[in-house]
Each structure stands twice: as structure tokens, then as C-alpha cells.
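A closer look at the structure
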Amino acid sequence: MVVPSSASLAMDCGLRVRTKAPKPLRIGGRAGGGGDLDVGDEAELNVEEPLSPYSRVFHTPSLDTCLIIIFGFAETLDIDVLTGRLMEALSKHPRFSSKLLFDGDREKNPRWVRTKVNFEDHFIIPDLDPNVDKPDRFVEDYASNLSKTPIDVSKPLWEFHILNIKISNADAVGVFKIHHSVGDGMSLVSLVLSMSRKTSNPEELPSIPTSIKKKSKFVDGPFRYLIAVVLIFKLFLNILYQSVRALFVKDTDTPIKGRKGVEHFPKRIVHRLISLDDVKLIKNGTNSTVNDVIVGITDAALSRYLHRKCGGRLKKNILLRASVIANVRQTAGLQELTDMMEKGSKCRWGNKVGVLLVPFHASLEEDPLEYVRRVNANLNQKKLLLEATYSYYSTWLFLKVFGIKVVAALTHRLLFNSTLMVSNVLGPAEEITFCGQRLAYIAPTGWGLPTSVIIHYMSYMNKMSITLGACEEAIPDPHEFCDDIVESVQLMKNAVLQRKATKVIF
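Residues numbered from 1 in each chain as written. Predicted model: local features only at pLDDT ≥ 70, side-chain atom pairs only at ≥ 80, totals over all residues. Heavy atoms only, no water.

Considerations on the overall build of the chain
Test applied: In DSSP terms, a helix is any run of H or I states spanning at least four residues, a strand is any run of E spanning at least two, and both are numbered starting from the N terminus. Relative accessible area decides the class of each residue, using a 1.4 Å probe on protein chains only: under 20% of the type maximum gives buried, over 50% gives exposed, and in between gives partly exposed. Accessible areas in this description were obtained via Shrake-Rupley with a 1.4 Å probe; residue shielding takes into account the shown protein chains only.
Looking only at helices and strands, one finds 13 helices and 19 strands in the chain. Evaluated residue by residue, the chain yields a buried proportion of 53% over its 506 residues. With the model as given, the accessible surface of the chain reaches about 23,600 Å², and the carbon-plus-sulfur share is 55%.

As for the packing of helix α11 (residues 387-402) against helix α12 (residues 404-417)
Applicable threshold: Only the stretch in contact is used when a helix axis is fitted, and all axes are lines through C-alpha atoms; the angle between N-to-C directions ranges over 0 to 180 degrees. Each angle receives one of four descriptions, namely roughly parallel if under 35 degrees, roughly antiparallel if over 145, roughly perpendicular if within 65 to 115, and oblique otherwise. In what follows, residue pairs with any heavy atoms lying within 4.5 Å of each other are defined as contacts. Nonpolar residues are Ala, Val, Leu, Ile, Met, Phe, Trp, Tyr, Cys and Pro. Charged residues are Asp, Glu, Lys and Arg, and all others, Gly as well, are polar.
Remark: α11 packs on α12, axes separated minimally by 7 Å, with the N-to-C direction vectors making an angle of 140°. Here α11 is positioned oblique relative to α12, judged by the angle of their axes. Seen from α11, the contacting residues are T395, F398, L399 and F402; seen from α12, they are I404, V406, V407 and L410. Of the residues belonging to the contact of α11 with α12, the class tally is 7 nonpolar, 1 polar and no charged.

Observations regarding the sheet that holds strand β13 (residues 320-327)
The test is simple: When DSSP locates at least two bridges between a pair of strands, those strands are taken to pair.
Spatially, the 6 strands line up as an open sheet ordered β12-β19-β18-β15-β13-β14, and their pairing is mixed. Strands at the two margins of the open sheet, each flanked by one partner only, are β12 (267-275) and β14 (353-360). Neighbour-to-neighbour, the strand axes of this sheet turn through a mean angle of 20°, independent of strand direction. With 9 bridges joining them, β12 and strand β19 (residues 463-471) adopt antiparallel strand pairing. Bridge pairing links R272 to I466 in β19. Contacting β13 and β14, α11 crosses the sheet at an angle of about 130° to β14.

Quick look at the environment of D477
Our working rule: Any N or O atom pair separated by 3.5 Å or less is treated as a polar contact, with the protein-specific requirement of one donor-capable and one acceptor-capable atom, and with residues adjacent in sequence counted only for side-chain atom pairs.
With respect to the helices and strands, the residue D477 is situated in the loop between β19 and α13 (478-505). Since its relative accessible area comes to 16%, D477 is described here as buried. When the C-alpha positions of D477 and R268 are compared, they lie 9.1 Å apart, and in sequence the two are 209 residues distant. Look past the residues within four positions of D477 in its chain and what remains in contact with it is Y305 and K309. For D477, the side chain forms a polar contact with the side chain of Y305, separated by 2.4 Å.

Quick notes on the sheet that holds strand β6 (residues 98-101)
Taken together, the 3 strands give an open sheet; going across it, the order is β4-β7-β6, and neighbouring strands pair in antiparallel fashion. With partners counted over all chains shown, the strands left at the sheet margins are β4 (48-50) and β6, one partner each. Here the strands of the sheet are splayed against their neighbours by 35° on average, with no regard to which way each runs. Across 3 bridges, β4 lies against strand β7 (residues 111-114) in antiparallel orientation. In the sheet register, E49 faces β7, and the bridge partner there is W112.

Regarding the side chain of R111
Along the chain, R111 falls in strand β7. In this structure the side chain of R111 is engaged in a polar contact, spanning 3.0 Å, whose partner is the side chain of E48. In this structure R111 touches E48, E49, P50, L51, K99, L100, L101, F102 and D103, once residues within four positions along its chain are discounted.

Quick notes on the environment of S52
Looking at the secondary structure, you find S52 in the loop between β4 and α2 (53-57). A C-alpha to C-alpha distance of 8.8 Å links S52 and R111, two positions 59 residues apart in sequence. Polar side-chain contacts of S52 include one of 3.1 Å to the side chain of S55.

Concerning the packing of helix α8 (residues 290-309) against helix α10 (residues 370-384)
Using the following cut-off: Left-handed describes a crossing whose near helix is turned anticlockwise from the far helix through less than a right angle; right-handed describes the clockwise counterpart.
It is the contact of α8 with α10, at a shortest axis distance of 8 Å, that shows an interaxial angle of 125°. Between α8 and α10, the interaxial angle falls into the category oblique. Taken as a pair, α8 and α10 cross one another with a handedness that is right-handed. Residue-level inspection shows N291, D292, V293, V295, G296, D299, A300 and S303 of α8 in contact with α10, the latter providing Y371, V372, R374, V375, N376 and L379. In terms of residue class, the contact of α8 with α10 is built from 7 nonpolar, 4 polar and 3 charged.

Let's talk about the pattern of salt bridges
Defined as follows: Any Lys or Arg side-chain nitrogen located within 4 Å of an Asp or Glu carboxyl oxygen qualifies as a salt bridge.
If you walk through the whole model with that rule in mind, you get 29 salt bridges. Here E473 ties to R259 by a salt bridge, and the two come within 2.7 Å at their closest N and O atoms. One end of the pair, E473, is in the loop between β19 and α13; the other, R259, is in the loop between α6 (224-248) and β12, and 214 residues separate them in sequence. The exposure class of E473 is partly exposed, given its relative accessible area of 46%. Where R373 meets E370, a salt bridge forms, and the shortest distance between an N and an O atom there is 3.3 Å. Note that R373 and E370 are positioned in helix α10 at a spacing of 3 residues, about one turn of the helix. Taken together, the shared-partner salt bridges connect R304, R308, K309, D477, E480, D484 and E487 into one network.

So, the pairing of β6
Side chains S98 and L100 of β6 all project onto a buried face; the interleaved residues K99 and L101 project onto a face where none is buried. Bridge count for β6 against β7 is 4 bridges, and the pairing is antiparallel. Within the sheet, the bridge partner assigned to S98 lies in β7 and is R114.

So, unusual backbone geometry
Here A362, not a glycine, exhibits a phi torsion of approximately 50°, which is positive. Along the polypeptide, A362 turns up in the loop between β14 and α10. Unusually for a residue other than glycine, M461 sits at a positive phi of about 55°.

Some points on the environment of N145
Secondary-structure assignment places N145 in helix α4 (residues 135-146). Since its relative accessible area comes to 16%, N145 is described here as buried.

Describing the confidence of the model for the chain
Parts of the prediction with low pLDDT should not have their coordinates interpreted in detail. For clarity, the cut-off: One confidence number per residue, pLDDT, is output by the predictor and ranges from 0 to 100.
Put simply, the chain has an average pLDDT of 82, and 81% of its residues get 70 or more. When pLDDT is averaged over each helix and strand of the chain, the minimum, 28, is found for strand β2 (residues 25-27) and the maximum, 96, for helix α7 (residues 276-286). Every residue in residues 11-16 scores below 50 in pLDDT, and together they form 11 contacts with partners more than four places removed in sequence or on other chains. Long-range and interchain partners of residues 18-43, a stretch whose pLDDT sits below 50, account for 63 contacts in this model, where long-range means more than four residues apart.

Encoded structure:
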């Protein structure tokens with residue numbers, strides 16, 4: 001058996017690696033043996049489907065992107081149960097049981113082809129010493145090393161690494177590595193949750209809190225059409241202005257601004273857990289949203305980090321922007337995998353996100369809540385002007401008119417001109433099991449994009465994970481950045497509590 005390159009990295013670190021062939025699984029009326037997938041009808045094999053334009057973008061050299069989801073388990077793993085249920089779920093999914101075929105190089109006629117999946121090539125289980133020195137650092141190094149190896153395109157584009165080792169906030173760890181062409185973050189989280197069940201009711205799917213969108217109030221009467229024309233004209237001017245700034249104006253060079261080729265540099269993956277209740281307290285105290293608070297916290301932490309790195313001599317009025325990822329699907333929250341793959345579904349599988357460029361000020365504010373207020377005002381304006389929707393559909397239009405290479409070049413320029421990327425995913429509010437194993441936390445992140453740091457936030461129960469994928473050259477001390485995020489949350493929480501106490505006194 002050929003050992004995958006990710007396993008080779010572990011072997012280079014002195015680990016004994018074994019790949020597991022789970023017990024034969026009965027699918028489609030026949031048993032799959034030797035760890036191979038039997039998709040049922042032979043007619044399903046070798047069926048070809050062209051890659052979507054968005055998936056093709058993520059196979060261009062400048063945007064060759066992978067995602068990982070780090071699972072912290074709240075119990076020692078039953079590996080047979082975990083791998084068996086993963087096999088059962090993934091074998092039914094076309095994207096996870098298909099490999100890529102090309103005509104010549106990776107840019108010529110790429111297409112998905114259904115194939116038999118040899119699960120021995122996808123489950124990677126290092127043989128670990130349970131008493132390994134500094135287990136938290138070991139898991140961090142392991143996850144970071146995965147960013148240094150490209151995914152093998154000769155097989156379905158995913159791997160699942162099982163680290164049955166106890167760390168400070170989990171009894172075991174799983175790392176799910178997937179190529180971004182398979183789907184975006186919302187698609188993959190929906191897939192993960194479709195393989196999960198509530199701990200309180202093992203037969204019930206998890207639920208995700210969804211925010212109720214307020215109906216927009218529009219002016220009635222004879223002037224409503226005039227107002228609509230004015231808003232559309234303003235939207236057009238804003239789109240034109242923002243597009244020019246995004247593509248032709250570069251952020252100020254700072255210690256964390258990535259240089260040319262940053263998408264190929266080694267990444268260090270670190271994470272922290274904070275209280276979701278603290279985030280909600282700040283949200284209510286500023287009359288904003290959870291997303292506003294998350295972006296505001298990032299602004300505050302980045303300001304502290306940069307001022308410290310510059311010795312308090314950071315220039316004023318610098319240009320510093322965050323690319324904030326926005327889901328543009330009509331339906332937010334958990335969608336069952338079968339529904340997501342149905343034609344005509346409101347929530348389709350694949351890549352369907354827009355990008356909002358949010359200005360950061362890198363200033364040290366006396367009132368820590370000012371960061372959230374500023375972000376709230378900015379994002380409210382962008383929502384009104386439909387910037388995320390415009391970002392997605394303009395990319396779609398450019399793909400149709402100009403093709404993959406032009407869109408890849410423009411996307412690369414947009415992301416490279418900004419300083420960092422921020423993403424937020426809403427997770428289950430109650431404890432769940434993933435493939436029969438209780439979860440302590442979920443921490444997604446990724447690499448391969450032209451930015452020096454990608455920050456992913458994801459809520460789960462009463463906690464929120466913060467995961468940094470940081471370029472080691474630009475941010476050699478990502479733990480300090482995480483500490484700044486945690487401290488910013490505490491400062492904002494204290495400010496809200498202090499205001500409440502002041503109101504009670506007076």
C-alpha cells in the first residue's frame with residue numbers, strides 16, 4: 001500500500017503510522033471488502049461530472065486551497081465505530097467518492113469521476129505514545145504539518161487523521177482535511193452535522209439557532225419608485241468604488257502583511273476557546289450581531305498586536321482591511337445532506353460565498369466597545385448595499401464571460417491586497433456526537449489563499465473556537481495574537497458589565 005504524503009510527514013517526525021481498513025460495509029445491496037467502497041450499481045462507477053467554475057478556481061496554482069476541521073472529542077475514541085460511520089456517510093456522497101480526471105495538466109477539462117474508494121488511503125492513524133511530551137504542542141505541530149503537503153489528486157480529495165491522545169481540552173482529536181473544490185465551509189459543516197446527533201437524543205439531528213431576518217420597511221406612496229432609483233444608483237456607485245479599491249489599492253505594509261507568494265508559505269495552526277455567553281453579552285450591550293462582535297474583537301486584537309510589534313510607533317491613518325467571508329445562501333443553518341444535494345434546493349452544495357472588505361483602524365481605543373460599534377455601522381451599510389451578494393454574482397458573471405484564469409487572478413489580487421481574512425460559522429447549541437463520539441469543540445480553518453492570516457470562529461454549545469492559520473514568516477508568534485483576542489473579549493465584557501453597574505447605581 002502507498003502511504004499518503006501526510007502520513008509520510010508523521011513518519012518523518014518519528015511516528016509509527018498505520019492506516020486502518022474498517023470492517024466491510026454493506027452498501028447498495030452488496031458488501032464492500034478490503035476497505036473498498038462498493039457504490040452499489042456498477043453503472044454508478046466512472047460516471048463523469050464537470051467541475052463547477054468555482055471548484056475549478058480552487059485548483060489554479062495561486063488559489064489551490066485546502067480546508068481542515070479539527071474535532072476535539074470529549075472521550076477516548078472507539079476507532080471502529082468512528083471509521084465505520086464515516087465510511088457509511090461519505091460513501092453515499094458523490095464528492096467524497098469521486099476523484100479528479102484531467103486532460104493533460106490540472107487546468108484542462110477537470111471533472112469528477114465516481115470511483116471505488118480504498119479507505120485505507122484516507123484514514124491515517126499514527127501509533128501514538130499516550131504519554132507523549134507536550135501533547136497540545138504535538139497536535140498543533142501535526143495539524144500545521146498538514147498545510148505543508150498538497151492533497152493527492154489521484155484519489156478522492158479528503159483525509160481523516162485520528163490522534164487518540166489526550167490534550168488539555170479534549171480526550172482525543174480528529175483532523176478532517178478536504179480540498180476546497182469539494183465545497184465551502186457551510187457545505188462541509190452541514191455534512192459534518194448530518195453525521196452528528198444530539199447527545200440528549202441519539203436519533204435526532206443537531207439544531208442550529210437561526211436569526212430571524214427583519215423585513216425591510218420600504219416607503220409607500222408616489223415617491224417610492226424615485227427612492228428605489230436613487231438606491232440603485234447609489235448601489236452602482238458604491239460597487240464601482242469598492243471594486244476599484246479592492247483590485248487596485250493595496251493595504252499598507254505592516255509586520256503582518258503577507259508578501260508575494262504568501263499562499264505557498266508554511267502555516268502555523270493554533271486555536272483558543274472563549275465563552276459564547278461573553279460574546280452574546282457584548283452583542284446585547286452594543287445592540288449588534290454576533291458577527292459584528294467577532295469582527296470587532298479581531299480589529300481590537302489586531303490593533304493591540306500591531307502596536308506592540310511596532311513598539312508603539314505604528315503610523316496613523318494606515319489602510320488595513322479584513323476580507324470577511326459571507327454566506328449568500330437563501331437558507332442559513334443546518335441542511336440535511338440529502339436536501340442540500342437535491343436540484344432546486346434553496347441551499348445547494350458547493351461554493352457559494354461572497355467577500356466583504358471591512359476597514360480596520362489599528363487604533364488603541366479608550367472604550368473597547370468602540371471597535372464593535374464601528375464594525376456594526378460599516379457592516380450594516382454593506383448589508384444595505386448587498387455587497388456580499390454582488391461579490392458572489394459578479395464572480396459568477398466574470399466566470400461566464402472571461403473564464404477561470406481571469407477570475408483566479410482577480411480573486412488573488414483582491415485577497416492579497418487586504419491584510420487578513422475572517423470567517424464565522426454558527427454551530428450547534430447543544431452537545432452532539434459525531435459518528436458516535438461526543439464532541440468537546442469544533443475548530444475549522446484552511447490554507448492556500450494569498451493572505452498571511454485566516455481567522456475562523458465557530459460556536460458550539462456555550463463555547464466559541466478561534467482558529468488561526470497564520471503564515472509563520474509574517475506572524476511567528478500566533479499564540480500572542482490569540483492571547484490578544486481573548487484579552488479583547490475580556491475588556492469588552494468588563495466594559496459592558498461596568499455600564500450595567502453604573503445604570504443600576506444611578
